[in-house]
Amino acid sequence: MGEAGETGDDRFRDPGSRLWRFAQEILVRCPRCAGRAVVVVHPDHREDQRYAVALLTAPHRLSCPGCGHTDEWSPRPMRPGDRDVYFFGGGSVAVPRLTGPDDPFFGLPLWLRRPCCGGRVLWAYNAAHLELLERYVTARLRERHPWTGSGSMLERLPAWMKAAGNRDEVLAAMRVLRARA
Ligand SMILES: [Zn+2]
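Quick caveat, the model's predicted, so the values are computed rather than measured. Counting restarts for each chain, with residues numbered from 1 along the sequence as it is written. It should be noted that, the model being predicted, local features are given only for residues of pLDDT at least 70 and side-chain atom pairs only at 80 or more, the latter also being counted only at that level, while totals for whole chains, interfaces and linings use all residues. Note that the side-chain values use all heavy atoms of the structure and ignore hydrogens as well as water.

1. Examining the coordination of the zinc ion
Note the following rule: With water excluded from the atoms, a metal site may look incomplete; its donors are any N, O or S atoms within 2.8 Å, or within 3.2 Å for Na, K and Ca. By the criteria applied here, four donors are tetrahedral when all angles lie between 85 and 135 degrees, four are square planar and six octahedral when opposite donors are over 155 degrees apart and every other angle lies between 65 and 115, and any other arrangement is irregular. The way it works is that DSSP assigns letters per residue, a run of H or I at least four long becomes a helix, a run of E at least two long becomes a strand, and they are numbered from the N terminus. Burial classification: accessible surface area is computed with a 1.4 Å probe over protein chains only, and a residue below 20% of its type maximum counts as buried, one above 50% as exposed, and the rest as partly exposed.
Ligation of the zinc ion by protein atoms is provided by Cys30 (SG), Cys33 (SG), Cys64 (SG) and Cys67 (SG), these donors lying 2.3 to 2.4 Å from the ion. Classification of the site at the zinc ion rests on its four donor atoms, whose angles at the metal span 105 to 115°, yielding the label tetrahedral. Mapping the donors of the zinc ion onto the primary sequence gives the spacing C-x2-C-x30-C-x2-C. Residue Cys30 is located in the loop between strand E2 (26–29) and strand E3 (36–41), and its partner Cys64 is located in the loop between strand E4 (60–63) and strand E5 (70–73); the two are separated by 34 residues in the primary sequence. Residue classification places Cys30 among the buried positions, given a relative accessible area of 3%.

Structure (structure tokens):
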């Protein structure tokens, strides 16, 4: 499969990427210095990244190259009312929900987020995520991935991001974010 499946200047084919793939490296605002920090799976649990639920419930680490701040995150035990739960041999834990504009693990503001289109917030987990969003919104002709159903990250985008009338404003916000990615 080619990189992001591009077929021409105005045509774009959905590569079928799932959002959790982009959650493997999440840029956040450091709670100590407000600089750019990164959230990744804890180095001791790298082998847990192959499946979505394993990635999302693996211990994570926050680190800030600017000020040296670090923090650790572990999944909490299941509670009544949890919508997504992962059962395994040792018990059951809540699965973080993959959303924005805060990171799913520490709840910190994403580094790549910006108000857009009247009350909406444009956000991306990292530069690769932002780049794919930008290429998608830029394209005039969008082709679905043949076998992802409705599960791809792009197919799950909110309608306001796909609306032709918002295209220029969304792209302008993306350019601002790209400059700081
Ligand atoms: Zn910092």
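Once you've had a look at it, read on.
2. Considering the pairing of E3
Rule in force here: The pairing criterion is simple: DSSP has to find at least two bridges between the two strands.
With five of six residues buried, E3 lies mostly within the body of the structure. Sheet topology places E2 next to E3; four bridges connect them, and they run antiparallel. Note that in E3 the partner of Arg29 across the bridge is Arg36. In sequence, E2 turns back onto E3 through a hairpin of six residues, with Ala34 there showing a positive phi of about 65°.

3. Looking at the sheet that holds E3
Basically, it comes down to this: Simply put, an axis is a line fit to the C-alpha atoms, just over the touching stretch for a helix, and the angle between two N-to-C directions goes from 0 to 180 degrees.
An order of E2-E3-E4-E5 is seen for the four strands of this open sheet, with the pairing classed as antiparallel. Each end of this open sheet is capped by a strand with a single partner; those strands are E2 and E5. With strand direction ignored, the average angle separating the axes of adjacent strands in the sheet is 25°.

4. Points about the environment of Leu157
Our working definition: Two residues form a contact once any of their heavy atoms are found within 4.5 Å.
Relative to the assigned elements, Leu157 resides in the loop between strand E10 (141–143) and helix H4 (159–162). The contact partners of Leu157, leaving out residues within four places of it in the chain, are Leu133, Tyr136 and Lys162.

5. Details of the pairing of E4
On a regular strand, each side chain points to the face opposite its neighbour's, so the side chains alternate between the two faces of the sheet. Taking every second residue as pointing to the same face, the buried face of E4 carries His60 and Leu62, while none of Arg61 and Ser63 on the other face is buried. Where E3 lies against E4, four bridges are found, and the strand directions are antiparallel. Bridging across to E4, Val38 finds its partner in Ser63. Bridge count between E4 and E5: four bridges; the pairing is antiparallel. Following the sheet pairing, Ser63 is matched in E5 by Thr70. From the end of E4 to the start of E5, which pair antiparallel, there are six residues, and Gly68 there has a positive phi angle of about 85°.

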